[in-house]
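Notes for the structure review
As a plain string of letters, each chain reads:
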Amino acid sequence: MREQIGEAADRRHTAPLASVTLWAVICGAAVVAVHTATAPIPGRLGSYRTGIITITTFALAALYSARKRNLWLSVRWLRLATRLPRKIARALIVVDRLETWRTAHITLGVLVLLPFWWHIDAGRATMLERALFSTVVLVILSGLFGLVIHDLLPRAMRVRANQEVRLEDVEVGFHQLFVEAEEAVLGHSENLVHAYLKNVRPLLIGEQLPVRLIWATLRGTDPAPRACRTALAAATTAGGDEAIYLELVEIAARKVRLEHNQFNLRLNTGWLSFHIGLVLIMGVEVAFHVTGVLYFVGF
């Protein structure tokens, strides 16, 4: 049983993830439909009950972050699974998977709009509540943006050879390619050096436009051929060293692909910092809102 649980825990990192963007859209549509069909609910529940439901749902959604950063619960969950029958143990393993927690986080993160919407309808909109509403919308949109990025990042980023997974390794790769190109051009004709300095070296030390990289990401294409097209067309200017020049262009193409790799890594993690920042701002606004409500209720 322990071996089976260990194998299942390993497969959680290799099993393909289904698209959750569509699921988030379905949950959003359900929120709109239920809100439309339950117009009397805000008046019946009132602002306090809808507020409690909203805060509770936010707290449950935030558990995903704790689960992702700390294995305390997972370790004890799996220990419990080893003492239970096989079918129950398998069910517990599925529940403990990070993918399951992530799906629950997304589901609650979208469905929380329903009680929050009821809360807005039940109370009078103050300036703080309007700011809180705007922040909540931005939190949801930033989360949806992260889902879209996760689903639309090209499959090549995960299966293409020579893809780095750390930004530090990308920087090392840039340096290695530049040194390789500089050493390859030494001791050759003036025509090759001139062609290299004019057409290839700018690709090695320059940067591609972000719009081109994100377009390549969304389309799942290789940005190198387009970026190196002008340099490749100038191969005849290298004279008798055309073969070496083409090797230099290939080095530049590898640099562009590595730059695209770096862009995807930053894109795949940068949105999360923005999302977490918005969540922290929302938490502060919720704290002020709840404190204000309790203060006025006390008086």
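One can find the structure itself at the top, above this paragraph.
Residues numbered from 1 in each chain as written. Predicted model: local features only at pLDDT ≥ 70, side-chain atom pairs only at ≥ 80, totals over all residues. Heavy atoms only, no water.

1. Digging into the environment of G173
With respect to the helices and strands, the residue G173 is situated in helix α10 (residues 167-185). Residue G173 is classed as buried on the basis of its relative accessible area of 12%. (Helix = DSSP H or I, 4+ residues; strand = E, 2+ residues; numbered from the N terminus. Buried < 20%, exposed > 50% of the residue type's maximum accessible area, 1.4 Å probe, protein only.)

2. As for the environment of N199
Tracing the backbone through its elements, the reader meets N199 in helix α11 (residues 190-205). Judged by relative accessible area, which is 15%, N199 ranks as buried. Beyond its immediate chain neighbours, meaning those up to four positions away, N199 contacts A231, A234, T237 and Y245. (Contact = heavy atoms within 4.5 Å.)

3. Some points on a nonpolar patch on the surface
On the surface, L209, V211, I214, W215 and L218 cluster together into a nonpolar patch covering about 480 Å² of accessible area. Within the fold, L218 resides in helix α12 (residues 210-219). (Patch = residues over 30% accessible without salt bridge, like charges linked within 9 Å, V, L, I, M, F, W, Y side chains within 5 Å. Areas by Shrake-Rupley, 256 points an atom, 1.4 Å probe, with all protein chains shown as cover. Salt bridge = Lys/Arg side-chain N within 4 Å of Asp/Glu carboxyl O.)

4. Examining the nonpolar core
L192, Y196, V200, L204, C228, Y245 and L248 are the most contacted members of the largest nonpolar core, which totals 28 residues. For this core, the secondary structure elements donating two or more residues are α10, α11, α13 (224-227) and α15 (242-298). Sort the elements by how many residues they give to this core and α15 lands first, with 10 residues. Setting aside chain neighbours within four positions, we find L248 in contact with A181, A184, V185, L192, Y196 and V200. (Core = buried A, V, L, I, M, F, W, Y, C linked by side-chain atoms within 4.5 Å.)

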